[in-house]
Amino acid sequence: MRSRSFNQFSACLMLFSVGILAVGCQTTRRPMAMKSADSSSMIVQVSDDKRSLMWSGQNTAKDKATRDSGFVTKSSDNSIASLQMHAELALVGHLPKAASENARSILRADFKNVRALKTLIKAALLEKNHFEAQTFSETALILAPQDAEIYSLQGLVQLQLNRPLYARALWKKSLSLDPLHIPTLMNLGVLMFQHGHSATAGAHFDKVLAVVPQHLDAQVGRALVLSAQGNADSAVALLDSILKKTGENALVLENLALIARDRLKDYPRANAYVERSLALGKSDRRVFETAVGMKQELRRLMSAQSKPLNDESLRELAASGAEQSGSVTDAAARDASQSASSELSAMEESLK
């Protein structure tokens, strides 16, 4: 449940992400622009959350329309500052090709421009081009070896390559350079939650909220931590309070439905949240499909809940109990985790 619930929002991913994730954790729908912790600059955060990456089928048409309108490089002012602004707006609009074109134009004029290289990394992450993102990040680190954001982006590359230990080590390095780097805190919080470290995840979300009190993904993350720690009622109360401030929000409603279904076993209540999510319309295909699927499952659960137990139901319960007996493998999993921790410690030392 922890992993399943939290995957619904993580990882402005990530950035995660970006968050760029989702993911951002990083996590967490479209890429978004936000101020840095010291308010000195803007950060385009790209999430590793799948909901940020669901529009790949629409990108070609959007990119063409953008270029035709002169958004990419047809501006009369081709200064580096203008190109960078267009590149970052393209990322926020989920137009990685347009962002890349502008960033490459900058690099043709200034091949040491680290900001343009970061844009190329983020665009490559959005397009799941891991090796290109890695190449750009290595080049950027040569030019700016103490830049926390570059290490954060490298961590997202490793996460997309299914190397969570490397991702965690890189995010630790990022935070050693900038302890208040919001995308990194979110990404690391999501990763810790997904691997069962709720208290550690909650500490990262709290740090984000100390800097940005209205950070939606961090608020949802804090609620999911409460739920995972056995305080489902408190989690629901927190998410309901968020809805009162933000209005109907698909991310919050989806997690409320999951908590009501999986933690509280209150299927009618979960169904009510799903209905409210569906009432928001089909603007987000993934949200709509998830809500439809959950509604069908809740119908089945409510139907089964209203029926008396018969022989078939008892057999299903027995089979469920047999599955739970598989928890005897937890000791082996802990041994593997300890081995992984040793490997991680070695990697972290090499990054210092």
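Definitions and cut-offs
Residues numbered from 1 in each chain as written. Predicted model: local features only at pLDDT ≥ 70, side-chain atom pairs only at ≥ 80, totals over all residues. Heavy atoms only, no water. Helix = DSSP H or I, 4+ residues; strand = E, 2+ residues; numbered from the N terminus. Contact = heavy atoms within 4.5 Å. 1 Å grid on protein atoms, 1.4 Å probe; cavity = no way out; pocket = protein on both sides within 12 Å on 5 of 7 lines; lining within 4 Å. Points joined across faces, edges and corners; volume = space filled by probe spheres on them. Nonpolar A, V, L, I, M, F, W, Y, C, P; charged D, E, K, R; others polar. Core = buried A, V, L, I, M, F, W, Y, C linked by side-chain atoms within 4.5 Å. Buried < 20%, exposed > 50% of the residue type's maximum accessible area, 1.4 Å probe, protein only. Axes fitted to C-alpha atoms, helices over the stretch in contact; angles between N-to-C directions. Parallel < 35°, antiparallel > 145°, perpendicular 65-115°, else oblique. Left-handed = near helix turned anticlockwise from the far one by under 90°. Expected span 1.5 Å × (residues − 1). Polar contact = N/O pair within 3.5 Å; in protein donor to acceptor, adjacent residues only side chain to side chain. Salt bridge = Lys/Arg side-chain N within 4 Å of Asp/Glu carboxyl O.

Draft legend 1. Highlighting the environment of Gln84. If you trace the backbone, Gln84 turns up in helix α3 (residues 80-92). Along the backbone, Gln84 and Ala99 are 15 residues apart, and their C-alpha atoms lie at a distance of 8.5 Å. Gln84 has contacts with Ile106, Arg115, Ala116 and Thr119, leaving out every residue within four places of it along the chain.

Draft legend 2. Up close: empty space enclosed by the protein. Of the volumes computed, that of the largest cavity is approximately 50 Å³. Lining the largest cavity we find Leu253, Glu254, Ala257, Val274, Ser277, Val287, Thr290, Ala291 and Met294. Put simply, the parts of the chain that give the lining of the largest cavity at least two residues each are α13 (250-262), α14 (267-278) and α15 (285-306). Here the lining of the largest cavity gets 4 residues from one element, more than from any other, and that element is α15. For the lining of the largest cavity, a count of residues per class yields 6 nonpolar, 2 polar and 1 charged.

Draft legend 3. Structural context of the nonpolar core. Judged by nonpolar contacts, the single largest core of 68 residues is most densely connected at Leu239 and Val252. For Leu239, the residues in contact, after removing those within four places along its chain, are Val220, Ala223, Val252, Asn255, Leu256 and Ile259. Judged by nonpolar contacts, the second largest core, of 7 residues, contains Leu91, Ala98, Ala99 and Ala123.

Draft legend 4. Here's a closer look at the packing of helix α5 (residues 114-126) against helix α7 (residues 148-160). Contact geometry of α5 with α7 gives a least axis separation of 11 Å together with a crossing angle of 20°. It follows that α5 is roughly parallel to α7 by the angle criterion. Along this stretch, α5 crosses α7, giving a crossing that reads as left-handed. Together, Val114, Lys118, Ile121, Lys122 and Leu125 of α5 and Glu149, Ile150, Leu153, Leu156, Val157 and Gln160 of α7 make up the contact between the two elements. Here the residues of the contact of α5 with α7 sort into 7 nonpolar, 1 polar and 3 charged.

Draft legend 5. View of α5. Compared with the 18 Å implied by 1.5 Å per residue over 13 residues, the 19 Å span of α5 between its first and last C-alpha is a close match. Among the 13 residues in α5, 12 count as buried, and that is most of the element. One side-chain oxygen of the residue at the start of α5 lies 3.2 Å from the amide nitrogen of Arg115, identifying that residue as Asn113. Positive phi appears at Lys128, one or two residues downstream of α5, with a value of about 60°.

Draft legend 6. Here's a closer look at the pattern of salt bridges. The tally for this structure, following the rule as stated, stands at 11 salt bridges. A salt bridge links Arg276 to Glu248; its shortest N-O distance comes to 2.8 Å. Within this pair, whereas Arg276 is found in helix α14, its partner Glu248 is found in the loop between α12 (232-246) and α13, the two being separated by 28 residues in sequence. Owing to a relative accessible area of 32%, Arg276 belongs among the partly exposed residues under this scheme. Accessibility expressed as a relative area gives 39% for Glu248, which makes it partly exposed. In this structure, a network of salt bridges that share partners links the residues Lys118, Lys122, Asp147 and Glu149.

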